[in-house]
Structure formats: structure tokens, C-alpha cells
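# Close look at the chain arrangement
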Amino acid sequence: MIELDSKVPGGPIELKWDKHRFEMKLVNPANKRKFTIVVVGSGLAGASAAATLSELGYNVKCFCFQDSPRRAHSIAAQGGINAAKNYRNDGDSVYRLFYDTVKGGDFRAREANVYRLAQISVNIIDQCVAQGVPFAREYGGLLANRSFGGAQVSRTFYARGQTGQQLLLGAYQALEKEIARGGVTMYARSEMLDVIMVDGAARGIVTRDLTTGKIEAHVADAVVLGTGGYGNVFYLSTNAKGCNTTAIWRAYKRGAAFGNPCYTQIHPTCIPVAGEYQSKLTLMSESLRNDGRVWVPKKGGDNRTPRDIPEPDRDYFLERRYPSFGNLAPRDIASRAAKAVCDEGRGVGPGGLGVYLDFADAIARLGAPTIRERYGNLFEMYERITDENPYTIPMRIFPAVHYTMGGLWVDYNLMSTIPGLHVIGEANFSDHGANRLGASALMQGLADGYFVLPGTVSNYLASTKLAPIDVNHPDCRRTVDEVTARTQRFLAIKGRRTVDSFHRELGRIMWDKCGMARNAVGLREALERIPALREEFWRNLNVPGSDAELNQALEKAGRVADFIELGELMCRDALQREESCGGHFREEHQTEDGEALRDDEHFAYAAAWEYTGDNAEPRLHKEPLAFEYVHLAQRSYK
């Protein structure tokens, strides 16, 4: 039976982290080289953690399934990274960033973790500038800021429209330095397929070499998962096609509680779906909503070109409904507003599934060169995909699955319910509640990797007496055998359907029944259809080729098998949460004007699900959420 202990330290919230850092146990510098730490994932969270742990003196093994850490999905976070520097002198502060994040997450995040994130944000920028990250600067040389959704201050640092890529290059260079020094051993094209458990603690992982098919064990004294989110459960999402849930799902089935799986973020600024067999969606950065205005025709069926529709016939619906925040309303609210006008028959483009994002006013006010300087690469990307010039024709955008706030449950030390298994970045559930504010993903990943995890892992190692093991330990060999048998099972089915066909069908179920809006009838239907899909998957899947070579169908089979099981848990979590909050919008629970209606009396908790067996219902645990500093209130951006 899992027991949840958040391990949040006592004292005033502004002192908790400093007090905790002082009280944590340290590992003698000379002893650090005796410990080995496995880091799975080499995006912003994983690369920063691996580099920092190595710099401290630990032996680090870092794994990624790409051919290089530079190909991590972190590069796709284009718009910026938040930090409470208050360079604009517009009223920002650590406390305001903390407040905005808790409110933006619809009061479903742990206060202590969020405050620590806001505190650390100011250090992240200094760290990245020292690494040479080319943040945009004002004419006088000071770092520039812009606004993002859910905030009325400018706190987002950026590098044109490629902030994630530049931040990843900084972390990648730090990682490569440690690889060259010998502190980090890098395993590219290696996918983690299970966690090795010894005496109830995580002591390593089992991987498959994606080129040769070799399955092997890697032992360690602690394991860190920085493997990103699970948005590809919907098949169509803004995530890279390789993004998956396997690492955290394997950990869940070994005893790590899964927190808030139904909390999925729909991003309002994506290029609409173009065809039935499209394999992924493209994100247009939220930064575009700084200068772009969102609108649709006031009347349905108005098929005039956008430039032929005069101002009186346009509905700038975000500015109308949310005058205080306008086009910078938070992602969940902006997405639902876009869906609502499309449901009314006022959407634009093929199928009426789109709204305009128009830069005409900004170009007239600032000039095309300024807009090109701010967003040029984004405009170029949009034109390459749509063959439309956004300098002269408004962009067409529509909401799409982007980020997952749920993930493995972790305590204040970022450790899961499995001792020794730490989870960082989007792979954990800790900081964003029911909705992530824009530009906060990069902030969390780097805060966890550079500043939080190195101290908390050291505390674990200094506080725990671990017996030495090697790859011949019985638990290692048993886990390798289980992974091998599972791999062979995929190849032995010899059915008639491709992996992608199952994934596409699962994605349609998830989007229709557990997507931007959910209701009890649809969720119950999904909970009937997904088990039936799983049964057919294991009976009728076809995986060609062998396991002794590069075999992408085999890779995807394992990932889709896990997505099917996760999809069922997501629907179960969404069904039991009888309220609307952030990205979880239950149609039965909304205000008269269509806003999310929380139930703080019954649902002010983080849901943590415990695996109890393949054919058994998971067990729900609840971590109560107390709001001492940001008092519960109905969220309003009007």
C-alpha cells in the first residue's frame, strides 16, 4: 500500500527551500565518485541534471532514444522562459509569479513546490546567460521581456522564436563537457523499458539498444526520470512523434504513484489539422498572442477572405470575453473560447475548425521589420506548412494537445513513491496544477535539473544505506528476462493491423471523450472501448521484422501498448473528478457563462493512482492541497 508523504518542510513559505537545503544531508566530495546515478532523458531537465550531477562528482549514465541529446523535444518550446526578475519594473516579484502560477493552475498545485519554482526562476536566467544563451536584449543591452498568457506583467525571456532550442544547446554543451571529462557516459539510441527494483528501491533500468536490439541492465544507486510528457496518447499532438509514456508507465507498474493523469493542456495556438492521415500537429508559439489579435466573423457562413471582412463584422472574442487579459488569457480558457465559436459555426478554414490570428494592427503600429525581428522564424515556418504569408493574410489556428500537467507523483524532494526514483520536468506532476502557464515548462525543467535535484539526490544517497549490486543480481536478471519476453510477445502476435492504426483509433477515442471537454457519458463509453481496443491489440497486432535490428514498428508497439493502458487511467481519473478545473473541463460542471466550476470542498487534492495489477482497478490516493498563501477563489481573467 502506497503512503503519500509530501515532505514539505515547515516554516514560512519564503524560507522553506533555504531551510530545507540547509537541513539536507550532504555527500562528502571524495565519496561522490563512489555513487552512480542513471538519468533517463536528455532534454532540458535530463541534460541539466546529468551535467550538474557530474560536475558535483557523481558517476552519471545518461540515456536518450534519439541519436543525440540535441534532438530532445525541449527544442520545440519556442516562446520563452519565465523568471521574476522585474526588469520592466512593472510590478513583478517572486510572490507574483508564485500567485500567477497557482491561480493559473486553478488552485490544484502544491503551494510549497510552486513558490520554490518562482524563487529559483531568477537564478535560471543568470545560469543560462553565463552559458551563452543568446537571449533577446533591449537597445541598451538589458535582457528583453515579453508577456505570456495568464500574467499582466512582462516576465518572459526569449531568444526570438527558438528559446527552447537555445536553452537546450546551453544544457547540451554543459553535458558534452562532462561527457568529454568522463563524468557522464552517454547512451544514445537506447530506450528505457523497465525499472530494476531491489529491496523495494530503484537500483537501475533495463534498456534496449534501438540499433542492435540488445537488451541489457544498468545498475545505479539512484534513478532519475526526465522523459517528458505523454501528450501523444492522443496520437495527434504538438509533441515530437517519439515522445512517449513508457519510462514513467513502467515505473508506475513497479509501484510509483501516478498523479493527476487527466490533467492535459490544450494549446490554443496550433496550425489546424490538414488531413485524415496527418501524423502530428505544429505549435505556433504563444508569444504570437502578444501582437496577434484573435478573431472570427460575427456571423456563421461568412466565407469572405479575412481582409474583405470589415471591423464591424469581426468578433475579437477573447478581447470581448476577457477584457483584462484579452488575447493573453491562459491556454485552457483561450482554447475553450476558440472551440465555442467554432461550435457556433463561426470557425474559419476547412471544416470550420480554425480562428484567425491577425497581425495587421501590429504591423501597422510597429512596422513589418519589428514583427520580423520578433517572430520571423515562426512566420517562415507557418508559411512553409500552409503556403500562406502571415504578413499579409491572418494565420489560422486551432487548439491542440500540447502538454501534460499529470505525471508521476513526487514529494518535495522530487522523489516518487519508489525510494531512489526521482522524477523531473514534465514527467512529474508537481508544479502546474490543472493548467500550465505559458513559458513555465522550460522554467520547471531547468529548475529541477540545475538547482533542486542535485541537492535532493545527495540527501537521499547520504541518508540511505544501499547494498552493492551488479548486473548479475537476481532482480536485474529477472527484469531483463521480463523485458525480453514482452518484446518477443509483440513479434509473436502475427495479426493484421499496424501499430499506427491502433494508435490512431486510441487517439480518436481520447480526443472525443477525454479531450478539450469531457462528460460522464463519454468517459464511461471510453472506459468500455479502450479495454476492447487493448484486447484486439494483443490479438491482432502485426509487427514485421525482428528484435535484433533497427525496428521502429517494434519500438512503437511497446509505446502504444503503454498508451492504451494510460488512456484508460486518464479516463478513470477524469470520471472520478466531478468538477471542472483548468485543463480538465467537465461539461456538467460549468458556470452560467461557460467557465470552469471547481468543487473545492470535495476535490482540493492531488489524485495519486496506485497500480494493483493488469486486470484490477487502480487504487486512488489523495494528497490534500492546503492554500495558506493564495486563498481559494473562483478564477477570473475578465
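Our structure is the block above this text.
Here's what I pulled together on the structure shown here. The structure displayed is predicted, hence computed values, not measured ones.

What counts and what doesn't
Residues numbered from 1 in each chain as written. Predicted model: local features only at pLDDT ≥ 70, side-chain atom pairs only at ≥ 80, totals over all residues. Heavy atoms only, no water. Helix = DSSP H or I, 4+ residues; strand = E, 2+ residues; numbered from the N terminus. Rg over C-alpha atoms; globule rule 2.2 N^0.38 Å. Buried < 20%, exposed > 50% of the residue type's maximum accessible area, 1.4 Å probe, protein only. Contact = heavy atoms within 4.5 Å. Areas by Shrake-Rupley, 256 points an atom, 1.4 Å probe, with all protein chains shown as cover. Lys, Arg positive; Asp, Glu negative; His and termini not counted. Charge placed at Lys NZ, Arg CZ, Asp CG, Glu CD. Core = buried A, V, L, I, M, F, W, Y, C linked by side-chain atoms within 4.5 Å. Pairing = 2+ DSSP bridges. Axes fitted to C-alpha atoms, helices over the stretch in contact; angles between N-to-C directions.

Here the focus is the overall build of the chain. Counting secondary structure elements, the chain contains 17 helices and 19 strands. Over its C-alpha atoms the chain spans a radius of gyration of 24 Å, differing by no more than 12% from the 26 Å that the globule rule assigns to 638 residues. Within the span of the chain, comprising 638 residues, buried residues form 61% of the whole. Put simply, of all contacts in the chain between residues at least 6 apart along the chain, 73% involve residues at least 24 apart. Accessible area of the chain: about 24,000 Å², with a carbon and sulfur share of 49%. For the chain, the distance from the average site of its 78 positive side-chain charges to the average site of its 78 negative ones is 3 Å.

Another point: the nonpolar core. Ile81 and Leu225 are the most contacted members of the largest nonpolar core, which totals 144 residues. Ranked by the residues each element gives to this core, the list is headed by helix α16 (residues 552-576), at 12 residues. With near-sequence residues (within four places) excluded, Ile81 lies in contact with Ile124, Ile125, Phe135, Arg155, Thr156, Phe157, Thr163, Leu167, Ala439, Leu442, Met443 and Leu446.

This next bit is on the sheet that holds strand β12 (residues 293-297). Sheet architecture is open: 5 strands sit in the order β11-β15-β14-β12-β13, paired in antiparallel fashion. The open sheet has two free edges, formed respectively by β11 (264-270) and β13 (314-315), since each of these has just one partner strand. Bridge count between β12 and β13: 2 bridges; the pairing is antiparallel. Its bridge partner lying in β13, Val296 is registered against Asp315. Contacts from helix α9 (residues 331-343) reach β11, β12, β14 (355-358) and β15 (395-404), with the element oriented near 65° to β11.

On to the environment of Met405. Looking at the element boundaries, Met405 is found in the loop between β15 and β16 (407-408). Contact partners of Met405, with chain neighbours within four places excluded, come to Tyr263, Thr264, Gln265, Asn428, Phe429, His432, Gly433, Ala434, Asn435 and Arg436.

Such coordinate-based values are descriptive only and should not be taken to indicate function.
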